[in-house]
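Each chain, written out:
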Amino acid sequence: MASHQHSQAIKGAKVLMVGAGGIGCELLKTLALSGFQDIHIIDMDTIEVARDAVLRFRPHISITPYHANVKDSNFNVDFFKQFNVVLNGLDNLDARRHVNRLCLAAEVPLVESGTTGFLGQVTVHVKGKTECYECQPKPAPKTYPVCTITSTPSKFVHCIVWAKELLFAKLFGDKNQVNDLNVRSNDACSSSENTNDVFEWRDDEDFEQYGRRIYDHVFGYNIELALSDEETWKKRNKPRPIYSRDVLPDKMIQQNGNVDKTDDLSSASAMASLGLKNPQDIWCLMENTRVFLEALKLFFTNRKKEIGNLSFDKDDQLAVEFVTAAANIRAASFNIPSHSLFEAKGIAGNIVHAVATTNAIVAGLIVIEAIKVLKKDTDCYRMTYCLEHPSKKMLLMPVEPFEPNKSCFVCSSQTPLSLEINTHRSKLRDFVEKIVKAKLGMNSPLIMCGAALLYEVGDDLEEDMIANYTANLEKVLSELPSPVTGGKMLTVEDLQQEFTCNIYIKHREEFDEEKEPDGMVLSGWTQAPPEKKDDKTSIGNGASSSKSLPTEPMDAQKDIEVKEISDGTASPGKKRKMPEFSEGCTLDQSNDADETRNDKKIQKLDDDDDDDDDLVMLDHWGKDTSKKQRLQ
């Protein structure tokens with residue numbers, strides 16, 4: 001329960017939770033037990049179960065669920081303005097960026113969080129007082145060279161990327177995307193009739209014939225085509241073509257699935273249809289072949305209306321089954337070990353499986369920071385990192401939030417971004433998909449060059465305007481009605497996020513296909529320069545400091561390696577300097593029964609200290625700690 005001194009801040013608070021997964025469920029419970037009485041939750045999954053469970057022991061509180069995507073247009077800035085604080089428990093970068101911008105526009109404090117296994121972090125973002133979630137660039141998801149994915153895979157992850165980003169997208173995704181598996185990138189034999197419209201369903205085909213034709217093309221013919229380039233395989237193991245007739249005899253076709261068409265899309269499962277129950281089993285080649293064909297059939301029978309608009313989703317059971325089977329068949333061709341559906345889903349969805357204790361700790365830390373925000377106790381805000389291995393006998397590392405980054409294109413917008421691009425070859429569609437949506441995280445962009453409106457989306461657009469903007473997407477930048485060439489400035493705006501940024505265009509002729517696969521380079525998103533040093537040095541664990549206490553020079557500080565990864569969690573890597581404890585500093589060690597509270601000196605710990613690891617929870621973090629400076 002929240003203590004009496006916090007009750008007034010909590011009692012009238014209206015709180016928005018975004019995400020009700022591993023962190024979210026723990027957070028909802030902790031909020032209820034802490035005395036919060038008006039809680040709103042947005043999540044794409046069903047929330048009612050968690051809500052009902054909490055109401056059993058807190059029947060008098062109000063929990064309002066929104067079973068929806070936080071990026072839906074009705075969750076706009078005005079919606080966010082009604083809340084006192086927003087608490088994130090999300091699992092993807094795109095949604096985190098979206099909520100960050102809505103909170104900035106609505107001027108509502110955001111408490112951000114994330115966990116990965118034993119690692120976790122909680123950060124506080126208050127407009128104008130602390131850095132926003134995007135003040136520091138987040139590491140981009142790992143990418144792989146196109147030639148490796150299409151021609152010479154050597155790891156199972158290469159097969160997953162091929163199955164997810166190329167084959168799944170080709171069969172079920174946007175047909176306008178540049179993605180052609182009809183031939184390999186090195187298409188010396190592209191004249192073969194086998195390469196003509198191979199993915200189009202023919203009128204005279206049934207599901208089995210179509211599935212086998214796709215199977216034979218991507219796992220048989222394309223591999224034979226790859227083998228024709230003898231130079232590629234001089235120092236590599238050659239793959240083997242796999243044809244369906246060699247794995248699944250014709251007589252087994254009738255055994256391959258027996259599920260009737262149903263309106264319940266969630267029940268469509270190739271595993272269920274084929275009697276495969278354990279997701280941790282590793283399927284043999286025949287089982288992978290049967291799952292591949294059955295999943296393809298189910299997509300075209302049960303989910304035909306979605307075809308053309310689908311993208312891979314780790315929570316889509318049928319999509320995961322198809323990608324797992326396709327990746328395993330390709331792996332078999334290249335002599336790469338197969339993986340179970342459970343393992344493949346983790347790889348495809350970038351999943352690190354949750355640890356319940358970490359989620360519970362992070363949920364508690366979120367509530368602690370939320371109470372400080374509601375009390376406007378600015379000096380006590382902390383970013384807290386949950387570490388897998390203790391540093392100075394601590395598994396929780398709290399530090400003071402950093403100041404806003406003056407170079408941040410989201411919360412400062414003082415300096416435009418710069419884009420190197422070939423304006424004579426790149427289309428407006430490339431710019432929208434690869435930069436505006438993928439890099440800048442905009443959902444409903446409006447793009448202007450000077451006073452000319454080049455592109456816009458929205459429900460209120462006239463048909464002729466929609467046709468105009470659709471036509472613009474297929475034009476290269478330099479041939480648009482208002483030509484975009486080197487030296488021009490583009491203004492990009494997202495009306496839902498109330499966010500605008502400017503992009504300076506630099507024409508560039510050539511790009512390195514391996515290092516710059518997008519054919520364009522966005523820059524200008526840099527860290528702010530280091531500020532001048534204070535006379536005082538803040539203390540890494542957030543304990544109160546005093547002018548009478550000796551302090552160390554900045555150069556003597558020890559690096560604690562902390563980085564933020566794509567799901568918002570802390571992990572060893574990128575270095576931000578966090579000070580050593582000065583001798584004589586006091587620390588409230590609430591879990592150490594052998595020491596007198598607030599009265600024991602903390603000695604510096606050597607790297608080879610073999611003492612038992614203690615989990616140190618800080619009951620209260622001092623208000624007098626000097627503001628931490630950003631260090632490069």
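Residues numbered from 1 in each chain as written. Predicted model: local features only at pLDDT ≥ 70, side-chain atom pairs only at ≥ 80, totals over all residues. Heavy atoms only, no water.

Per an unreviewed UniProt entry, the protein goes by SUMO-activating enzyme subunit and derives from Populus alba x Populus x berolinensis. Quoted straight from UniProt, the Sequence similarities (unreviewed entry) entry for the protein says "Belongs to the ubiquitin-activating E1 family." Here the protein is described in UniProt, under the heading Pathway (unreviewed entry), as follows: "Protein modification; protein sumoylation." (UniProt positions renumbered as here; feature names shortened; annotations may be inferred.)

(A) The UniProt feature "binding site: Zn(2+)" (unreviewed entry) in the protein, seen in detail. Sites flagged by UniProt as "binding site: Zn(2+)" (unreviewed entry) map to Cys-132, Cys-135, Cys-408 and Cys-411. For this annotated set, covering 280 residues, all C-alpha atoms fall within 8.5 Å of each other, a compact arrangement in space. Looking at the secondary structure, you find Cys-135 in the loop between β6 (119-125) and α6 (146-150). Given the relative accessible area of 0%, Cys-135 is considered buried. Along the polypeptide, Cys-408 turns up in the loop between β8 (394-399) and β9 (417-421). (Helix = DSSP H or I, 4+ residues; strand = E, 2+ residues; numbered from the N terminus. Buried < 20%, exposed > 50% of the residue type's maximum accessible area, 1.4 Å probe, protein only.)

(B) Local environment of the packing of aromatic side chains. Taken as a whole, this structure holds 24 aromatic pairs when the rule is applied. With 5.1 Å between their ring centres and 70° between their planes, Trp-201 and Phe-207 make a pair best called edge-to-face. Relative accessible area serves as the criterion here: at 33%, Phe-207 is assigned to the partly exposed category. Summarising the aromatic geometry, the rings of Phe-219 and Phe-292 are spaced 5.5 Å apart at their centres and angled 75° between planes, so their arrangement reads as edge-to-face. Here the residue Phe-219 occupies a position in helix α8 (residues 207-227), and Phe-292 occupies one in helix α11 (residues 285-302), the gap between them amounting to 73 residues. Note that Lys-304 overlies the ring of Trp-201, its terminal NZ or CZ placed 6.0 Å from the centroid. (Phe/Tyr/Trp six-rings, centres within 6.5 Å; stacked < 30°, edge-to-face > 60°. Lys NZ or Arg CZ within 6 Å of the ring centre and 35° of its normal.)

(C) Representation of the environment of Lys-71. Of note, Lys-71 is situated in the loop between β3 (62-67) and α4 (77-81). Overall, Lys-71 belongs to the partly exposed group, its relative accessible area being 23%. It is 7.2 Å that separates the C-alpha atoms of Lys-71 and Ala-95, two residues lying 24 residues apart in sequence. Setting aside residues up to four positions removed in sequence, Lys-71 forms contacts with Asp-94, His-98, Asn-443 and Gln-496. Within the local environment of Lys-71, its side chain forms a polar contact with the side chain of Asn-443, the two groups lying 3.1 Å apart. (Contact = heavy atoms within 4.5 Å. Polar contact = N/O pair within 3.5 Å; in protein donor to acceptor, adjacent residues only side chain to side chain.)

(D) The arrangement of the pattern of salt bridges in detail. Counted by the stated rule, this structure contains 20 salt bridges. Here Asp-91 and Lys-314 are joined by a salt bridge, their closest N and O atoms 3.3 Å apart. Taken as a pair, Asp-91 in the loop between β4 (85-88) and α5 (93-106) and Lys-314 in the loop between α11 and α12 (317-333) lie far apart in primary sequence, 223 residues in all. Between Asp-315 and Lys-314 there is a salt bridge whose closest N-O contact spans 3.8 Å. On the basis of relative accessibility, which here comes to 21%, the residue Lys-314 falls in the partly exposed class. Salt bridges sharing partners connect three or more residues here, namely Lys-71, Asp-94 and Arg-97. (Salt bridge = Lys/Arg side-chain N within 4 Å of Asp/Glu carboxyl O.)

(E) Structural detail: the packing of α8 against α12. Viewed as axis vectors pointing N to C, α8 and α12 meet at an angle of 20°, and their least axial separation amounts to 11 Å. Taken together, the axes of α8 and α12 are roughly parallel relative to one another. The chirality of how α8 crosses α12 is right-handed. Seen from α8, the contacting residues are Tyr-215, Phe-219 and Ile-223; seen from α12, they are Ala-326, Ile-329, Arg-330 and Ser-333. (Axes fitted to C-alpha atoms, helices over the stretch in contact; angles between N-to-C directions. Parallel < 35°, antiparallel > 145°, perpendicular 65-115°, else oblique. Left-handed = near helix turned anticlockwise from the far one by under 90°.)

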